[in-house]
Amino acid sequence: MRGNRSTETPHASLFPYLTASNRIHPMIDLTQPRLFLLGNLILFSIVAARYFVFAYILHWYFFIRKDPRWADRKVYSRDYDRSQFISELKWSMVSSAIFSLSGCILGWMYLKGYTRIYLEPGLYGYWYLPVSLVVVMLLHETYYYWLHRWMHIPSVYRIVHKVHHDSRVTSPWTAFSFHPIETLIQALFLPVVLCIVPVNAWVLLLLLTIMTVSGFINHLGYEVYPKGSYHHPVGKWFIGATHHARHHKQYRYNFGLYFTFWDRLTNTEAPEVESGGR
């Protein structure tokens, strides 16, 4: 088989780097219980620090500095409620811990040969690199859209999803603010899909970056996409702060993650977005 089930010997590594021979040199052996815990602690520190640094920079620029050039791009009429901050930070730290654990489990699965993650970029052809990225993003969009619809069933919502919607006016601090059950369900996606779909390690890194940036953009509270992009033949398929803010205002609409196609296909696009757009 291809991927890390091939003739390559899995190497234990938390932060691998590629050499000329395309081998992974181990830094922390995730197959050892004590080192797994150490790796998890290190990864948590990285994920939490990344969240805090990016959220702080964006919050400072848009909510404290308040550059006047962005004044008309604000998507909420109300100001950010500072009382949300402590709650958002608390839940985000819990989410960071769960995402870190998921990442270490994925690393352990890779080392054991259970995933289809591969190192050599040309293994399936270079054309497959962007194709695999799009495929996984479309699968993720589908998974999240229907998961999101499920989380809005009243009996589920109260337990699983209300924490996120407690942020009435979203900000960069909202990006990771989820109930642990919701975070766990979200974290299941990648380990499962990467056991099925071959994905290059660099494509996986790009995907993780897109997931993080998308979370911040959608919850920023300011629209960063160009004006009128929602009516553009391409731009109308992508979700931004305006689109997701409508979801936090009107719970029945706009359930998508990256793209709008499921909302459009199932008539859950908010009428206000359809008429006004970005």
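What counts, and at which threshold
The numbers attached to residues start from 1 for each chain and follow its sequence in the written order. pLDDT decides what is reported in this predicted model: residues at 70 or higher carry local features, side-chain atom pairs at 80 or more are listed and counted, and totals for whole chains, interfaces and linings draw on all residues regardless. For side-chain calculations, the full set of non-hydrogen atoms in the structure is used, while hydrogens and water are omitted. Only DSSP runs of H or I reaching four residues or more are called helices, and only runs of E reaching two or more are called strands; each is numbered from the N terminus. Working definition: with a 1.4 Å probe on protein chains only, accessible area under 20% of the residue-type maximum means buried, over 50% means exposed, and in between means partly exposed. Contacts are residue-level and defined by heavy atoms, with any inter-residue pair within 4.5 Å sufficient. With residues, only the protein chains shown are counted as cover, and all accessible areas are computed by Shrake-Rupley using a 1.4 Å probe. Helix axes are fitted to C-alpha atoms over the stretch in contact, other axes to C-alpha atoms as well, and angles between N-to-C directions run from 0 to 180 degrees. Should an angle fall under 35 degrees it is taken as roughly parallel, and over 145 as roughly antiparallel, whereas 65 to 115 is taken as roughly perpendicular and any remaining angle as oblique. With the far helix as reference, a near helix turned anticlockwise by less than a right angle produces a left-handed crossing, and one turned clockwise produces a right-handed crossing. Throughout this entry, Asp, Glu, Lys and Arg are counted as charged residues, while Ala, Val, Leu, Ile, Met, Phe, Trp, Tyr, Cys and Pro are counted as nonpolar. The remaining residues, Gly among them, count as polar. Multiplying 1.5 Å by the helix residue count minus one yields the expected span of that helix. A score between 0 and 100, pLDDT records how confident the predictor is in each residue. A pocket here means an open set of points on a 1 Å grid, computed over the protein atoms alone, that has protein on both sides within 12 Å along at least five of seven lines. A cavity is instead a set of points where a 1.4 Å probe fits but cannot get out; residues with an atom within 4 Å of a point line either one. Grid points are joined across faces, edges and corners, and a volume is the space filled by probe spheres set on the points. Nonpolar cores are built from buried Ala, Val, Leu, Ile, Met, Phe, Trp, Tyr and Cys residues. Side-chain atoms within 4.5 Å join them into one set.

K.L.:
Which residues make up the overall build of the protein chain, and what are the values?
P.N.:
Of regular secondary structure, the protein chain possesses 10 helices and two strands. Ordered by position from N to C terminus, the α and β elements of the protein chain give α-α-β-α-α-α-α-β-α-α-α-α. Per-residue burial over the protein chain gives 49% buried out of 278 residues. Contacts in the protein chain between residues far apart in sequence, at least 24 positions, make up 70% of those at least 6 positions apart. Here the protein chain displays about 14,100 Å² of accessible surface, and carbon together with sulfur accounts for 68% of that area.

K.L.:
I'd love a proper account of the packing of helix α3 (residues 128-151) against helix α7 (residues 201-219), names of residues and values included.
P.N.:
When two helices pack together, their arrangement is given by the angle between the helix axes and by the axis-to-axis distance. In contact at an axis separation of 10 Å, α3 and α7 are set at 40° when each is read in the N-to-C sense. Taken together, the axes of α3 and α7 are oblique relative to one another. As α3 runs across α7, the sense of the crossing is right-handed. Facing α3, whose interface residues are L129, S132, L133, V136, M137 and H140, α7 presents V203, L206, L207, I210 and M211. The residue makeup of the contact of α3 with α7, split by class, is nine nonpolar, two polar and no charged.

K.L.:
Requested: an account of helix α4 (residues 154-165), with residues and values cited.
P.N.:
In this model α4 runs just 13 Å from its N-terminal to its C-terminal C-alpha over 12 residues, more than 12% under the 16 Å that 1.5 Å per residue would give. Within α4 the residues assigned to the buried category are V156, Y157, V160, H161, V163, H164 and H165. Of the surrounding secondary structure, the elements contacted by the buried residues of α4 are α2 (84-111), α3, α5 (180-187), α7 and α8 (241-249).

K.L.:
Tell me what's going on with the side chain of Q186, and back it up with residues and numbers.
P.N.:
Within the secondary structure, Q186 is located in helix α5. Not counting chain neighbours up to four residues away, the residues in contact with Q186 comprise F99, Y144, L147 and F178.

K.L.:
Requested: an account of α5, with residues and values cited.
P.N.:
Within α5, the full set of buried residues consists of E182, T183, I185, Q186 and A187. Looking at the buried side of α5, the elements it contacts are α2, α3, α4 and α6 (189-193).

K.L.:
Got a sec to walk through the packing of α3 against α4? Specific residues and values, please.
P.N.:
Interhelical geometry of α3 versus α4 gives an angle of 115° and a closest axis separation of 8 Å. On α4, the residues that touch H148, W150 and M151 of α3 are V156, Y157, V160 and H161. Grouping the amino acids of the contact of α3 with α4 by side-chain chemistry returns five nonpolar, two polar and no charged.

K.L.:
Quick rundown of the confidence of the model for the protein chain? Include the residues and the values.
P.N.:
Per-residue confidence for the protein chain averages 88 on the pLDDT scale, and 88% of its residues sit at or above 70. Within the protein chain, no element has a lower average pLDDT than helix α10 (residues 271-276), which sits at 52, and none a higher one than α3, at 98. A low-confidence stretch, residues 274-278 stays under pLDDT 50, and its non-local contacts, those more than four residues away or across chains, total 21 contacts.

K.L.:
Explain the layout of surface pockets to me, and be specific about the residues and the numbers.
P.N.:
If you add up the space inside the second largest pocket, you get close to 310 Å³. Here the lining of the second largest pocket gets four residues from one element, more than from any other, and that element is helix α1 (residues 33-65). Its residues assigned to classes, the lining of the second largest pocket comprises seven nonpolar, one polar and four charged.

K.L.:
Before we move on, could you go through empty space enclosed by the protein and cite the residues and values that matter?
P.N.:
Tallying each qualifying case throughout the model produces two cavities of 30 Å³ or more. Taken as a whole, the second largest cavity spans an internal volume of roughly 30 Å³. Every residue lining the second largest cavity is listed: F63, K74, Y76, R78, D79, Y80, V169, T170, G221 and Y222. Partitioned by chemical class, the residues of the lining of the second largest cavity number five nonpolar, two polar and three charged.

K.L.:
Could you give an account of the nonpolar core, naming the residues involved and the relevant values?
P.N.:
Counting residues in each nonpolar core, the largest one holds 47 residues, and the members touching the most others are V136, L190, L194, V199, L204 and L207. Looking at this core element by element, the count peaks at seven residues for α1. Discounting residues that sit within four places of it in the chain, V199 has contacts with R116, I117, Y118, V136, L194 and L204. Among the nonpolar cores identified, the runner-up in size contains five residues, and L147, M151, V156 and I185 belong to it.

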